[in-house]
Amino acid sequence: LGNRRAMEAALQRLMRGGEGFALLHIDLDYFKQVNDTLGHSAGDHVLAEVAARLRRSVRAGDLVARVGGDEFVILLAGVLDSAALERIGATIYDHMRLPITHEGRPCPIGLSIGAVLVGPGSDQGEAALVSLADLALYASKRAGRGRMMLWNPDQDISQELARADGAERRVRS
């Protein structure tokens, strides 16, 4: 699992390579309650289990990085359209369906995801791309959590691509 520096270096390489990619910013829903009620060892266990499930959800060459307390970023080289991103989001949520337990006690968490597609030859800066994924993440949180929202700069909205409960996607602002 990469850290913030690994993510920044990989993001710079992808930008220089110019092939296009997707950036997913993931935040755990209800993680604070796990730490507060079950303790930090349960929180550490949840983080390790989520990281393993995220790795299993993507290709071997994709970067999964923990960039903050309960925040992750995934960089997906060559993913250029919302249909591919929708499939990846569905795979992530499918892997998260099984409950996480620690010492026999359930650790109820979920994932909210914000995504941005970066076209080949994009001239946007790395910080701007992370910021757009963050905006999509917060759109996911506002829409009820447990979903993946794609930032669409042409329409200034976020489009829902996948949900933890498998419901059909919708467009939200």
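Computed from a predicted structure; not experimentally measured.

Concerning the overall build of the chain
Phase 1: Per the secondary structure count, the chain includes five helices and nine strands.
Phase 2: Relative to the 2.2 N^0.38 estimate, which gives 16 Å for 173 residues, the radius of gyration of the chain is 15 Å and therefore close to what a compact globule would have.
Phase 3: Viewed in the frame of its principal axes, the chain has a C-alpha envelope of about 50 × 35 × 25 Å.
Phase 4: With 173 residues in all, the chain has 48% of them scored as buried.
Phase 5: Partitioning the contacts of the chain with sequence separation of at least 6, the portion at a separation of at least 24 is 64%.
Phase 6: Summing over all exposed atoms, the chain offers an accessible surface of approximately 8,600 Å²; the carbon and sulfur share of this is 49%.

So, unusual backbone geometry
Phase 1: Even without a glycine there, the phi angle at Y30 is positive, about 70°.
Phase 2: Within the fold, Y30 resides in the loop between β1 (21-29) and α2 (31-38).
Phase 3: A residue is classified by how much of its surface remains accessible, and Y30, at 41% relative accessible area, is partly exposed.

Considering the nonpolar core
Side chains of a nonpolar character, in soluble globular proteins, are inclined to be buried together.
Phase 1: L24, V50 and L85 are the most contacted members of the largest nonpolar core, which totals 35 residues.
Phase 2: Top contributing element to this core by residue count: helix α3 (residues 40-57), with six residues.
Phase 3: When neighbours within four sequence positions are excluded, V50 is seen to be in contact with L28, F72, M96, I100, I109 and L111.
Phase 4: In this structure, L11, L132, A136 and W151 belong to the second largest nonpolar core, which totals 19 residues.

So, empty space enclosed by the protein
Phase 1: This model, assessed by the stated rule, comprises one cavity of 30 Å³ or more.
Phase 2: If you add up the space inside the largest cavity, you get close to 40 Å³.
Phase 3: As for the largest cavity, its lining consists of L14, M15, G18, E19, G20, F21, V118, G119, P120, G121 and S122.
Phase 4: Its residues placed into classes, the lining of the largest cavity shows five nonpolar, five polar and one charged.

What to know about the layout of surface pockets
A water-sized probe, rolled over the atoms, reveals where empty space remains.
Phase 1: The calculated volume of the largest pocket comes to roughly 220 Å³.
Phase 2: Tallied by class, the residues present in the lining of the largest pocket amount to eleven nonpolar, two polar and three charged.

What about the pairing of strand β2 (residues 63-68)?
Phase 1: In this sheet, strand β3 (residues 71-77) lies alongside β2 in antiparallel orientation, the contact comprising five bridges. By the bridge assignment for β3, L63 is matched with L75.

Rules used in this analysis
- Residues numbered from 1 in each chain as written.
- Predicted model: local features only at pLDDT ≥ 70, side-chain atom pairs only at ≥ 80, totals over all residues.
- Heavy atoms only, no water.
- Helix = DSSP H or I, 4+ residues; strand = E, 2+ residues; numbered from the N terminus.
- Rg over C-alpha atoms; globule rule 2.2 N^0.38 Å.
- Buried < 20%, exposed > 50% of the residue type's maximum accessible area, 1.4 Å probe, protein only.
- Contact = heavy atoms within 4.5 Å.
- Areas by Shrake-Rupley, 256 points an atom, 1.4 Å probe, with all protein chains shown as cover.
- Core = buried A, V, L, I, M, F, W, Y, C linked by side-chain atoms within 4.5 Å.
- 1 Å grid on protein atoms, 1.4 Å probe; cavity = no way out; pocket = protein on both sides within 12 Å on 5 of 7 lines; lining within 4 Å.
- Points joined across faces, edges and corners; volume = space filled by probe spheres on them.
- Nonpolar A, V, L, I, M, F, W, Y, C, P; charged D, E, K, R; others polar.
- Pairing = 2+ DSSP bridges.

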